[in-house]
Amino acid sequence: MRRVKVGQRLKVKLPHSEVCMHMRVADQVMEVEILAEAVQLYKDGQKFSGPILLGEAGVYVKYVTGRIGRVRELWADVEEVIDYRSIGVGESSDWYYLRCGCQLFVSQPGWNVQSTDISVFCEEMQRLHQEYADVALKNIRAAFPQARAIDEHAGVPKEFLDAEEADRKAKGWVA
Ligand SMILES: [Zn+2]
């Protein structure tokens, strides 16, 4: 299960709900668009029938109370994210779903790539984290290049990373 957002296009495995059974799409992997209260199915790029309710398409609603209050989260059995950038990358603190398989939280401002207990890292990202840990445990300031490699993998803009690096140099930190 992955967290999904309104406006996102993705491929999900449809459940054996009454509506999906009736439309003969139960257990099929289909392209969908998440709407506020419903899901639009697509077949060969064309709208398939009218929108169906979230639950009927296997999208679960979960309410989580966090630091900013009660948040409505949508979760689905995602097979493939067609357009992860539709989930507000760079605009606010949010989950990133990368094509390589990484699922990570990036907090703004500052582009902090967070590891949480539900983060998922692809093999390459795991290797980058290991390289970072190997250096940082001995000398955290020597691990700036490794930290940068992690940020680059997560899609943090080059301009931001360059500015950060220039700032460190100005402060006289060894990179
Ligand atoms: Zn990755």
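The structure displayed is predicted, hence computed values, not measured ones.

Chemist: Is there a simple way to think about the overall build of the protein in this case?
Modeler: Scanning the protein from N- to C-terminus turns up 4 helices and 11 strands. A total of 175 residues make up the protein; the buried ones form 19% of that total. Put simply, of all contacts in the protein between residues at least 6 apart along the chain, 41% involve residues at least 24 apart.

Chemist: Help me out: how do you make sense of the sheet that holds strand β5 (residues 46-53) in this one?
Modeler: Strand pairing in a sheet relies on backbone hydrogen bonds, with the paired strands running either antiparallel or parallel. Spatially, β5-β4-β3-β2-β8 is the arrangement adopted by the 5 strands of the open sheet, whose pairing is antiparallel. Bordering the open sheet on either side are β5 and β8 (78-81), each of which pairs with just one other strand. This sheet shows a mean twist of 35° between the axes of neighbouring strands, independent of strand direction. The sheet contact formed by strand β4 (residues 38-43) and β5 spans 5 bridges and is antiparallel. When the bridges of β5 are listed, Lys 43 appears paired with Gln 46.

Chemist: Just to check I follow, could you spell out the nonpolar core for this structure?
Modeler: A general feature of soluble globular proteins is that nonpolar side chains tend to end up buried together. Ranked by size, the top nonpolar core spans 28 residues in total, and within it Val 12, Val 32, Val 39 and Ala 57 carry the most contacts. Mapped onto this core, the elements with two or more residues apiece are β2 (9-13), β3 (29-34), β4, β8, β9 (94-97), β10 (103-107) and α2 (123-136). With 3 residues, the top contributor of residues to this core is β9. Three or more residues apiece are contributed to this core by two domains, here domain 1 (2-81) and domain 2 (88-170). Dropping the residues within four chain positions of it, Val 12 is found in contact with Met 30, Val 32, Ala 57, Gly 58, Ala 76, Asp 77, Val 78 and Glu 79.

Chemist: Just checking my understanding: could you explain the sheet that holds β9 for this structure?
Modeler: An order of β9-β10-β11 is seen for the 3 strands of this open sheet, with the pairing classed as antiparallel. Each edge of the open sheet is held by one strand with a lone partner, namely β9 and β11 (112-114). Averaged over all adjacent pairs, the angle separating strand axes in this sheet is 40°, with direction ignored. Sheet topology note: the β10/β11 ladder contains 3 bridges and is antiparallel. Of the residues in β11, the one forming a bridge with Ser 107 is Asn 112.

Chemist: Would you take a moment to explain unusual backbone geometry for this structure?
Modeler: Negative phi characterises most residues that are not glycine, and trans characterises most peptide bonds. In this model, Asp 44 sits at a positive phi of 50°, which is unusual for a non-glycine residue. The phi dihedral of Ser 49 is positive, around 65°, even though this residue is not glycine. Within the secondary structure layout, Ser 49 lies in strand β5. Since 12 C-beta atoms lie within 10 Å of it, Ser 49 is described here as exposed.

Chemist: Looking at this structure, how should I read the pairing of β4?
Modeler: Within a regular beta strand, the side chains point alternately toward one face of the sheet and then the other, so they alternate between its two faces. Bridge analysis of β3 against β4 gives 4 bridges, and the strand direction is antiparallel. Counterpart to Glu 33 in the pairing with β4 is Gln 40. The hairpin formed by β4 and β5 contains 2 residues between the paired strands, and Asp 44 there has a positive phi angle of roughly 50°.

Chemist: What's the story with the confidence of the model for the protein in this structure? I'm lost.
Modeler: When pLDDT drops low, the exact placement of atoms in the prediction is not to be read closely. A residue-level look at the protein finds 89% of positions with pLDDT of 70 or above and a mean pLDDT of 84. The least confident element of the protein, judged by mean pLDDT, is β9 at 74; the most confident is helix α1 (residues 18-22) at 96. Note on residues 85-91: pLDDT is under 50 here. Beyond four places in sequence and across chains, it has 10 contacts.

Analysis parameters
- Residues numbered from 1 in each chain as written.
- Predicted model: local features only at pLDDT ≥ 70, side-chain atom pairs only at ≥ 80, totals over all residues.
- Helix = DSSP H or I, 4+ residues; strand = E, 2+ residues; numbered from the N terminus.
- Buried ≥ 20, exposed ≤ 12 C-beta atoms within 10 Å, placed from the backbone.
- Contact = placed C-beta atoms within 7 Å.
- Pairing = 2+ DSSP bridges.
- Axes fitted to C-alpha atoms, helices over the stretch in contact; angles between N-to-C directions.
- Core = buried A, V, L, I, M, F, W, Y, C linked by C-beta atoms within 7 Å.
- Domains from an automatic or database assignment.
- pLDDT = per-residue confidence, 0-100.

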